[in-house]
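Chain by chain, the residues:
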Amino acid sequence: MQGPAAVRFTLRQRLILGMLCQGESPKDIAAKLEISVNTAHTHVRNLASKAGVVGDRQLILYSMQQPQAMRPGRFCRPGLHAPLPECTCPYCLAMLVAA
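Residues numbered from 1 in each chain as written. Predicted model: local features only at pLDDT ≥ 70, side-chain atom pairs only at ≥ 80, totals over all residues. Heavy atoms only, no water.

## Some details on the pattern of salt bridges
Evaluation of the coordinates by the stated rule reveals 1 salt bridge. Here glutamate 24 ties to lysine 32 by a salt bridge, and the two come within 2.7 Å at their closest N and O atoms. Overall, the relative accessible area of 35% leaves lysine 32 in the partly exposed class. (Salt bridge = Lys/Arg side-chain N within 4 Å of Asp/Glu carboxyl O. Buried < 20%, exposed > 50% of the residue type's maximum accessible area, 1.4 Å probe, protein only.)

## Re the nonpolar core
Phe9, Ile29 and Leu59 are the most contacted members of the largest nonpolar core, which has 18 residues in total. Looking at this core, the elements that each hand over two or more residues are helix H1 (11-21), helix H2 (26-33), helix H3 (37-51) and helix H4 (56-65). Contact partners of leucine 59, with chain neighbours within four places excluded, come to Leu17, Leu20, Val44, Leu47, Ala48, Ala51 and Val53. (Core = buried A, V, L, I, M, F, W, Y, C linked by side-chain atoms within 4.5 Å. Helix = DSSP H or I, 4+ residues; strand = E, 2+ residues; numbered from the N terminus. Contact = heavy atoms within 4.5 Å.)

## A word on the environment of lysine 32
Here lysine 32 is to be found in helix H2. As for lysine 32 and methionine 19, which are separated by 13 residues in sequence, their C-alpha atoms are 9.8 Å apart. Within polar-contact distance, the side chain of lysine 32 engages the side chain of glutamate 24 at 2.7 Å. (Polar contact = N/O pair within 3.5 Å; in protein donor to acceptor, adjacent residues only side chain to side chain.)

## Quick look at the confidence of the model for the protein
The pLDDT averaged across the protein works out to 76; a share of 61% of its residues lies at or above 70. Helix H5 (residues 90-98) is the least confidently modelled element of the protein, averaging 66 in pLDDT, while H3 averages 94, the highest of any element. (pLDDT = per-residue confidence, 0-100.)

## Section: the packing of H1 against H3
In a packed pair of helices, the relevant descriptors are the angle between the two axes and the axis-to-axis distance. Following both chains from N to C, one finds H1 and H3 inclined at 100°, their axes separated by 10 Å at the closest point. Taken together, the axes of H1 and H3 are roughly perpendicular relative to one another. Residues Gln13, Ile16, Leu17 and Leu20 of H1 form the contact with H3, whose own contacting residues are His43, Val44, Leu47 and Lys50. (Axes fitted to C-alpha atoms, helices over the stretch in contact; angles between N-to-C directions. Parallel < 35°, antiparallel > 145°, perpendicular 65-115°, else oblique.)

Have a look at this one:
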């Protein structure tokens, strides 16, 4: 999996990727973010393209192998993902949307 080394995702992209990493489908993401399913699929395709991978699974693997691309928030404690409003890691963001 050869993606660009210095990829940085936007806050919205990290949110969507975090939801994807938690097992949400594009249809689920669309419902929670109140966007169309087509828009959710487009976000996922754009994320994969930006990461230099193909497909959801490779994108999830990329996010695990390239943690610097995710730029976790300064308040995040890996493994202790209580949804903190001030945290920008994809897992906290996704949990806040789900709540």
